[in-house]
Amino acid sequence: MENFTTLGQFVIEKQQDFPYAKGELSRLLRDIGIASKIISREVNKAGLTNILGDHGSVNVQDEDVKKLDIIGNETFIATFSKGGEVCVIASEENEGIIPLKGTFSKNGKYVICMDPLDGSSNIDVNVSIGTIFSIYKRVTEVGTEPTEADVLQAGNKLVAAGYVLYGTSTMLVFSTGNGVNAFTLDPSIGEFCLSHANIKSPDNGKIYSINEGNAAEFPQGIKDYLTWVKEEDKTTDRPYTSRYIGSMVADFHRNLLKGGVFIYPPTAKSPNGKLRLLFEGIPMSYIAEQAGGLATTSTMRILDVEPTKIHQRVPIIMGSKNMVNKVLEFMNK
Ligand code: AHM
Ligand code: MG
């Protein structure tokens, strides 16, 4: 028997560490694992849509071909709808909240916020994409209909959060508030197996990830930081290295393991940046902090921002502790 720990085994072993553990959160994480495997399968055959038919067309089996982000959204909603643990979902793909059908919407104790397929502009070119999720306890009474208040919760109320990276391997990374663990999908047995236990992000690094094409519109502090990272200086190991995939999960994951800073700043056109607080900012900040890093808007901790709108945006500076602090030094000059 090979010596590995599957996601299911890990969740059972660690159940006592989970906040509010009564088996429901464990089942919820198992459901996320199942939905991710389905999406992973679909992502792996995405290139074949050109053979089988594009979105909006009919494939050779006479079936409508759906866009992968729609498949991702429907897969997660359907999986949570069967589980019974969730009362309401907010998804980047839907304008408003999605109360689950039947008695679940009244009796489910948990709330999900998710971006089912982030970085979707990368699908067509076979580049890594991801799923991002957050889990909260509901704030409305169990037994009543959930409301928007259930999804508009600050990150400091999170019960768990994480992401799935569909890369060279498929990897599920999550935290329930006791550090960060990563599970890699072994396709030969169809299981997520623990591959990176208790991930700690290096305090220092030399990777910076930002869409520098927008530099003309960045705040002066970010412009100055970008000049600084390119200067030559042996004592601080500069110049730094620029890496930007344009897929937040992939950019974040690389920086988490290697040390780096991910920045999506405000621009003149988008004063709050592009990324969404509920679906991207909060869950990724939670993982960053749980791994020993930092995540800030430049003026406050992202996990302390009180959401007022489902699709609210937030400026983001996140990653290795000392690198984030260095960016802040420039922002506060
Ligand atoms: P999406 O939710 O529409 O996929 O957009 C989010 C993506 C992130 O994955 C990525 O970090 C960012 O958009 C890249 O944006 P840009 O192309 O402006 O650099
Ligand atoms: Mg997104």
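So, here is what we can say about the structure in this document.

Reading the values: the criteria
Residues numbered from 1 in each chain as written. Chains lettered and ligands numbered in written order. Predicted model: local features only at pLDDT ≥ 70, side-chain atom pairs only at ≥ 80, totals over all residues. Heavy atoms only, no water. Donors = N, O, S within 2.8 Å, 3.2 Å for Na, K, Ca; no water. Helix = DSSP H or I, 4+ residues; strand = E, 2+ residues; numbered from the N terminus. Buried < 20%, exposed > 50% of the residue type's maximum accessible area, 1.4 Å probe, protein only. Near = heavy atom within 4 Å. Polar contact = N/O pair within 3.5 Å; in protein donor to acceptor, adjacent residues only side chain to side chain. 1 Å grid on protein atoms, 1.4 Å probe; cavity = no way out; pocket = protein on both sides within 12 Å on 5 of 7 lines; lining within 4 Å. Sits in = over half its atoms within 2 Å of the grid points. Nonpolar A, V, L, I, M, F, W, Y, C, P; charged D, E, K, R; others polar. Domains from an automatic or database assignment. Points joined across faces, edges and corners; volume = space filled by probe spheres on them. Pairing = 2+ DSSP bridges. Contact = heavy atoms within 4.5 Å. Axes fitted to C-alpha atoms, helices over the stretch in contact; angles between N-to-C directions. Parallel < 35°, antiparallel > 145°, perpendicular 65-115°, else oblique. Left-handed = near helix turned anticlockwise from the far one by under 90°.

Structural notes on the coordination of the magnesium ion (ligand 2)
Distances from the magnesium ion (ligand 2) to its protein donors, namely E92 (OE), D115 (OD), D118 (OD) and E280 (OE), fall within the range 1.9 to 2.6 Å. Here the donor residues of the magnesium ion (ligand 2) share one chain and are spaced in sequence as E-x22-D-x2-D-x161-E. On the criterion of sequence distance, the pair formed by D118 in strand 3 (residues 110–118) and E280 in helix 9 (residues 277–290) is long-range, its members being 162 residues apart. Of the residues examined, D118 reaches a relative accessible area of 7% and is grouped as buried.

Observations regarding the site of ligand 1
Neighbouring residues of ligand 1: 15 residues in total, closest D118, G119, Y244, M248 and Y264. The contact in question runs from an oxygen atom of ligand 1 to an N or O atom on the side chain of E92, over 2.9 Å. One nitrogen or oxygen atom from the main chain of S120 is found 3.3 Å from an oxygen atom belonging to ligand 1. Applying the majority rule of atoms within 2 Å of the grid points places ligand 1 in the second largest pocket. Breaking the shell around ligand 1 down by element, the ones donating at least two residues are strand 3 and strand 11 (260–264). Class assignment for the residues of the shell around ligand 1 results in five nonpolar, five polar and five charged. Looking at which domains feed residues into the shell around ligand 1, each of domain 1 (7–196) and domain 2 (207–331) gives three or more.

Comments concerning empty space enclosed by the protein
For the structure on display, the rule yields one cavity of 30 Å³ or more. Estimated volume of the largest cavity: approximately 50 Å³. In terms of lining, the largest cavity is formed by S201, F252, N255, L256, G260, F262, A288, M318 and G319. Secondary-structure elements contributing two or more residues to the lining of the largest cavity are helix 8 (248–258), strand 11 and strand 13 (316–319). Considering every element that reaches the lining of the largest cavity, the biggest residue donor is helix 8, with three residues. Looking at the lining of the largest cavity residue by residue, the classes come out as five nonpolar, four polar and no charged.

Section: unusual backbone geometry
The amide bond that connects R238 to the next residue, P239, takes the cis arrangement and shows omega of 10°. The topology assignment puts P239 in the loop between helix 7 (220–230) and strand 10 (241–242). Positive phi, close to 45°, is recorded for N198, a residue that is not glycine. Along the chain, N198 falls in the loop between strand 8 (191–196) and strand 9 (207–209).

Here we look at the sheet that holds strand 6 (residues 170–175)
Ordered in space as 2-1-3-4-5-6-7-8, the eight strands form an open sheet in which the pairing is mixed. For this open sheet the edge positions go to strand 2 (98–99) and strand 8, each flanked by a neighbour on one side alone. Looking at chain direction, strand 3 and strand 4 (residues 129–137) are connected through seven bridges and run antiparallel. Across the sheet, the residue bridging to D118 is G130, located in strand 4. The sheet contacts of helix 2 (residues 24–44) involve strand 1 (86–91), strand 3, strand 4, strand 5 (160–166), strand 6, strand 7 (181–186) and strand 8, and relative to strand 4 the element is tilted by about 165°. Against the sheet, helix 8 engages strand 3, strand 4, strand 5, strand 6 and strand 8, with an angle of about 105° to strand 5.

Things to note about the packing of helix 2 against helix 4 (residues 68–83)
At their nearest, the axes of helix 2 and helix 4 sit 9 Å apart, and the two run at 155° to each other. Overall, the two elements helix 2 and helix 4 adopt an arrangement that is roughly antiparallel. The hand of the helix 2/helix 4 crossing is right-handed. Between helix 2 and helix 4, the contacting residues are L28, D31, I32, A35, S36, I38, I39, E42 and V43 on the first element and L68, I71, G72, T75, F76, T79, F80 and G83 on the second. For the contact of helix 2 with helix 4, the residue count by class is ten nonpolar, five polar and two charged.

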